[in-house]
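Here's the letter readout for the chains.
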Amino acid sequence: MGPFLETLIGGLMSGMLYSLVALGFVLIFKASGVFNFAQGAMVLFAALAMARFSEWLPALLGTESKVLGNVLAFIAAMALMIVVAWLIEHLVLGRLVNQEGITLLMATLGITYFLDGFGQTLFGSEIYKIDIGLPKDPMFLMEDVFQGGLLVNKEDLYAAGIAAALVIGLSAFFQYTSTGRALRAVADDHQAAQSIGIPLSRIWVIVWSVAGFVALVAGVIWGSKLGVQFSLSLVALKALPVVILGGLTSVPGAIIGGLIIGVGEKLSEVFIGPMFGGGIEIWFGYVLVLFVLLIRPQGLFGEKIIDRV
Amino acid sequence: MVEKAIGEVILDIKNISLRFGGVKALTDISFNVREHEVRAIIGPNGAGKSSMLNCINGVYAPQEGSITFRGKTFGHMNSRQVAEMGVARTFQNLALFKGMNVIDNLMSGRNLKMKTNIFQQALYWGAAQREETAHREFVEKIIDFLEIQAYRKTPVGRLPYGLQKRVDLGRALAMEPQVLLLDEPMAGMNVEEKQDMCRFVLDVNEEFGTTIVLIEHDMGVVMDISDRVVVLDYGKKIGDGTPDEVRANPDVISAYLGTSH
């Protein structure tokens, strides 16, 4: 029972992080119908910015305080993501209004390559550290229930906590504020939203900024776990099955999808993996999604599209 | 009931022509709308009624002509700018925010009246919270007015068609518009729903003094509630006047009934 629970918890934690990246996809898809392939590149870009700003800014200001340095770096990186959102809207997507979905997808693919390259030109292409002071030591839970207790990584626990708080905060923002309402309005019907005076382009900048914020948080957490390097951009590939599984338009779907994939990956690796000689973690998500799609083509929580004939 | 005073010209449409490629949707249309009146646009299918409304609303940009609203002339404006000037609309094919409940749909109509910024809202504290409460009170008045109290929290996608039309009207009313454009507000309704909708439209006009421009197919309705009527056929204006004048107009009769050859 002990190893099973340990794997389960580990899966939930990494699932939470997949959810974060998936959330970025869903936010943008809901509000503008664009499947944003660049979400992974945004995670890398944001993480690079955070890593380098937390070196540069304290040096520039001559401050020793790590907390202050990290806070300033986070704010600066966020500001940068807002600028990126603004540029994407005004230079790319704003000019492609009413184009086919595939055109927009290709445009975000272009943005992916640009951000990957530009980020590394700007911030360098080494492996960088983000140290936001998450405790690295493991801890043991329920030692009196199981022999030896459950080994849980404290860092994972904090990360999952941050991710959960972010998801709850964003949901509340979307549900209860007037800007959140405007975002949902645009997601439902562009034309009607315009007719009641909602400015589309500003809403899109806000959506991309929020997606940038989510990318930044995801980037900081992954970066502090694994270091900031190019491979971070590839977390998008991990989040892809999550969004498909959860349904492209559902925020709860992204979260639950993330958890399912996270848990599924870890459990399958430990318990089924040996049968295949291991390494199934990498493709397990995709296979899982394949089966779900056979049964529910719209994903677990996606809107069922019913066409009137 | 006070006799309503029809005022000055509030909306003046001059020589509007609209083409889609080679198709002439509207040709040289001019008419005006006076403050506080109910102005109907009628015509057979494909006459260009919705195109006309979409020009006023800024969805289409006419190639020729001008639209003057309260003395300000504009050739090309987008829907949002028109909304800012105080023009609201409803849609022929419902365009509600289906995932949201009735209250949220109506609250979204208040969006232009909201002044707090996104950061205040993110904290949901102080000004943002007060603002939300104030607008909610206004929305409740609309809900009472339209008699949809029982459906406050229902996602609009689940409401029957007639009620969705009412929510659509409510969302437009939430903007406190000076001019309300209604695109076939009674299409697809049964007699009872039509009567309700007529009553709401007239009440809006009388109680709030809102100027109303409406497109409608039901001749009985149009002749009953309109002060003046414009008749379009094949993108051209063929009649303009009070319901009685229009009814007597031979061009209008032939457009609707066909001529004997």
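Residues numbered from 1 in each chain as written. Chains lettered and ligands numbered in written order. Predicted model: local features only at pLDDT ≥ 70, side-chain atom pairs only at ≥ 80, totals over all residues.

Another point: the overall build of chain A. Within chain A one finds 11 helices and 2 strands. In sequence order, chain A lays out its α and β elements as α-α-α-α-β-β-α-α-α-α-α-α-α. The C-alpha radius of gyration computed for chain A amounts to 20 Å, which stays within 12% of the reference 19 Å derived for 309 residues, consistent with globular compactness. Along the first, second and third principal axes, the C-alpha set of chain A runs to 65 × 65 × 35 Å. (Helix = DSSP H or I, 4+ residues; strand = E, 2+ residues; numbered from the N terminus. Rg over C-alpha atoms; globule rule 2.2 N^0.38 Å.)

Glancing now at the overall build of chain B. Broken down by element type, chain B carries 10 helices and 10 strands. At 19 Å, chain B has a C-alpha radius of gyration in line with the 18 Å of a compact globule built from 261 residues. The principal-axis extents of the C-alpha atoms in chain B amount to approximately 70 × 40 × 40 Å. Across the 261 residues that make up chain B, the buried fraction comes to 40%. (Buried ≥ 20, exposed ≤ 12 C-beta atoms within 10 Å, placed from the backbone.)

Attention now goes to the packing of helix α9 (residues 235-246) of chain A against helix α11 (residues 281-295) of chain A. When two helices pack together, their arrangement is captured by the angle between the axes and the distance separating the axes. Residues and elements named next belong to chain A. Interhelical geometry of α9 versus α11 gives an angle of 15 degrees and a closest axis separation of 9 Å. Here α9 is positioned roughly parallel relative to α11, judged by the angle of their axes. Seen from above, α9 lies across α11 with left-handed handedness. When α9 is examined against α11, the residues Lys238, Pro241, Ile244 and Leu245 are found in contact with a partner set consisting of Gly285, Tyr286, Leu288, Val289 and Val292. (Axes fitted to C-alpha atoms, helices over the stretch in contact; angles between N-to-C directions. Parallel < 35°, antiparallel > 145°, perpendicular 65-115°, else oblique. Left-handed = near helix turned anticlockwise from the far one by under 90°. Contact = placed C-beta atoms within 7 Å.)

Here we come to the interface of chain A and chain B. When the parts of a complex come together, some accessible area is lost, and that lost area is often taken as the interface size. In this complex, chain A contributes 20 residues to the contact, which on the side of chain B involves 29 residues. Counting only elements with at least two residues in the side of chain A that touches chain B, the list comes to α5 (154-176), α6 (178-188) and α7 (190-195) of chain A. Counting residues per element, the side of chain A that touches chain B draws most heavily on α6(A), at 7 residues. Class assignment for the residues of the side of chain A that touches chain B results in 9 nonpolar, 7 polar and 4 charged. (Nonpolar A, V, L, I, M, F, W, Y, C, P; charged D, E, K, R; others polar.)

Quick look at the confidence of the model for chain B now. Looking at chain B as a whole, the pLDDT averages 88, with 96% of positions reaching at least 70. Across the predicted assembly, pTM comes out at 0.81 and ipTM at 0.80. (pLDDT = per-residue confidence, 0-100.)

Right, let's talk about the nonpolar core for a bit. Residue and element names in this part refer to chain A. Membership of the largest hydrophobic core comes to 158 residues, with the highest contact counts inside it found for Ala46, Ala47, Met50 and Val207. For this core, the element with the highest residue contribution is helix α8 (residues 200-226), accounting for 18 residues. Dropping the residues within four chain positions of it, Ala46 is found in contact with Ala77, Met81, Gly212, Ala215, Leu216 and Gly219. (Core = buried A, V, L, I, M, F, W, Y, C linked by C-beta atoms within 7 Å.)

Moving on, we come to the confidence of the model for chain A. In the predicted model, chain A carries a mean pLDDT of 86, and 97% of its residues have values of at least 70. Mean pLDDT values for the elements of chain A range from 76 in strand β1 (residues 138-141) of chain A up to 93 in helix α3 (residues 66-92) of chain A.

Moving on to the sheet that holds strand β1 (residues 9-20) of chain B. Residue and element names in this part refer to chain B. With antiparallel pairing, 4 strands are arranged side by side in an open sheet as β2-β1-β4-β5. Edge strands, defined here as strands with exactly one partner in the open sheet, are β2 (23-34) and β5 (72-74). Mean inter-strand twist for the sheet, computed between neighbouring axes without regard to direction, equals 20 degrees. Where β1 lies against β2, 8 bridges are found, and the strand directions are antiparallel. By the bridge assignment, Leu11 is partnered in β2 with Val33. This element, helix α1 (residues 49-57), spans β1, β2 and β4 (64-69) of the sheet and lies at about 65 degrees to β2. (Pairing = 2+ DSSP bridges.)

Residue and element names in this part refer to chain B. Entries for chain B in the domain assignment read domain 1 (1-86 + 177-261) and domain 2 (99-174). Here the C-alpha centre of domain 2 lies 27 Å away from the C-alpha centre of domain 1. The interface is formed by 11 residues belonging to domain 1 together with 8 residues belonging to domain 2. Put simply, the parts of the chain that give the side of domain 1 that touches domain 2 at least two residues each are α2 (79-84) and α7 (191-207). (Domains from an automatic or database assignment.)

Moving on: helix α2 (residues 39-61) of chain A. In an α-helix there are 3.6 residues to a turn, and that puts residues three or four apart on one side. Helix length check: α2(A), at 23 residues, gives a terminal C-alpha distance of 32 Å against a target of 33 Å (1.5 Å per residue), a fit within 8%. Taken as a whole, α2(A) carries its principal kink of about 30 degrees at Phe53(A). (Expected span 1.5 Å × (residues − 1). Bend = angle between axes of the 7 residues up to and from the residue.)

Now for the environment of Ala83(B). Residues and elements named next belong to chain B. Examined against the element boundaries, Ala83 turns out to sit in helix α2. Since 27 C-beta atoms lie within 10 Å of it, Ala83 is described here as buried. Spatially, the C-alpha atom of Ala83 lies 8.3 Å from that of Pro177, the residues being 94 residues apart in sequence.

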